[in-house]
Amino acid sequence: MPIKCSDLISDNPVAWEYATKHPFLDECRSGTIKPNQFNTWLVQDYLFVIEFTRMAAHLVTIAPLEHFDVLLGGLSALKDELNWFREKARSRSLNLATAPQETCELYCRFMTELREDTYAVQAVAFWAIELAYNQAWQLPGPMVQPYDEFADRWGNVEFTEYVKLLEMQANEVLADSDPETEPRVSEVFLRIADLEKDFWQMAYWGDN
Ligand code: HMH
């Protein structure tokens with residue numbers, strides 16, 4: 001049996017739990033997060049999404065035509081997301097021309113380097129990155145204002161459906177990929193889980 005996306009989660013439950021559960025998210029739910037910490041996350045995530053958009057665009061250049069619809073929908077959502085980040089930063093008077101923290105930089109470099117991998121590996125990585133936010137922002141349960149808007153952006157029903165389509169597409173390519181794909185896919189998945197965990201922690205190290 002070829003590996004499937006869901007196997008990656010069931011084979012690495014602890015790593016995935018750390019990727020998707022963090023005090024940052026619980027403090028957003030209860031409203032006790034310090035505004036400075038939230039703002040640090042917001043600016044760093046904007047910087048991340050710029051590179052994630054490039055990853056999505058690159059995926060289109062190697063994807064089969066049948067996968068275009070889902071990926072182009074994703075790119076269109078990312079266009080809105082970048083504008084939404086700018087709007088959030090403006091209303092909070094945040095400077096988006098901030099230097100990336102080390103974890104953000106490592107994550108961005110990792111995404112760029114993934115271009116050397118096969119489409120199967122990149123499709124799984126893209127799914128895992130979207131799923132991480134889809135689950136992380138839903139798991140704490142309903143969040144208080146103003147954080148409910150952030151939870152809804154990645155936790156809403158349409159986003160959840162989009163992530164399922166990404167999973168189906170990734171599973172499709174995994175089903176006829178060669179045997180070297182499996183260890184590489186597991187390695188990339190674990191690296192993403194680790195970077196996601198560290199990304200939440202960055203909020204507590206910023207000086208925004
Ligand atoms: C760190 N992971 C991080 N930021 C995001 N915006 C996403 C995933 C999105 O899906």
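Predicted, not measured: the structure shown is a model, and the values here were computed from it.

**Quick notes on the side chain of Q169**
For Q169, the location among the structural elements is in helix α9 (residues 157–175). Not counting chain neighbours up to four residues away, the residues in contact with Q169 comprise E66, H67, V70, L71 and Y119.

**Observations concerning the site of the ligand**
Around the ligand, the neighbouring residues are D45, F48, V49, I129, E130, Y133, W154, E196 and F199. Take E130: an N or O atom from its side chain is 2.5 Å from an oxygen atom of the ligand. Here a nitrogen atom of the ligand sits 3.3 Å away from a polar atom, N or O, in the side chain of Y133. A total of 280 Å² of accessible area belongs to the ligand in isolation, and the protein chains cover 99% of it. Of all the elements in the fold, those that place two or more residues in the shell around the ligand are α4 (35–62), α7 (119–136) and α10 (181–202).

**Let's talk about the packing of aromatic side chains**
Under the criterion given, the structure shown has 30 aromatic pairs. Plain terms: the ring middles of F85 and W154 are 6.2 Å apart, the flat faces sit at 50 degrees to each other, and that makes the pair tilted. Within this pair, whereas F85 is found in helix α5 (residues 68–91), its partner W154 is found in helix α8 (residues 147–155), the two being separated by 69 residues in sequence. With respect to burial, F85 and W154 carry one shared label: buried. Here a set of aromatic residues connected by ring pairs shows up, and it is made of F24, F38, W41, Y46, W84, F85, Y133, W137, Y147, F150, W154 and W200.

About the cut-offs
Residues numbered from 1 in each chain as written. Predicted model: local features only at pLDDT ≥ 70, side-chain atom pairs only at ≥ 80, totals over all residues. Heavy atoms only, no water. Helix = DSSP H or I, 4+ residues; strand = E, 2+ residues; numbered from the N terminus. Contact = heavy atoms within 4.5 Å. Near = heavy atom within 4 Å. Polar contact = N/O pair within 3.5 Å; in protein donor to acceptor, adjacent residues only side chain to side chain. Areas by Shrake-Rupley, 256 points an atom, 1.4 Å probe, with all protein chains shown as cover. Phe/Tyr/Trp six-rings, centres within 6.5 Å; stacked < 30°, edge-to-face > 60°. Buried < 20%, exposed > 50% of the residue type's maximum accessible area, 1.4 Å probe, protein only.

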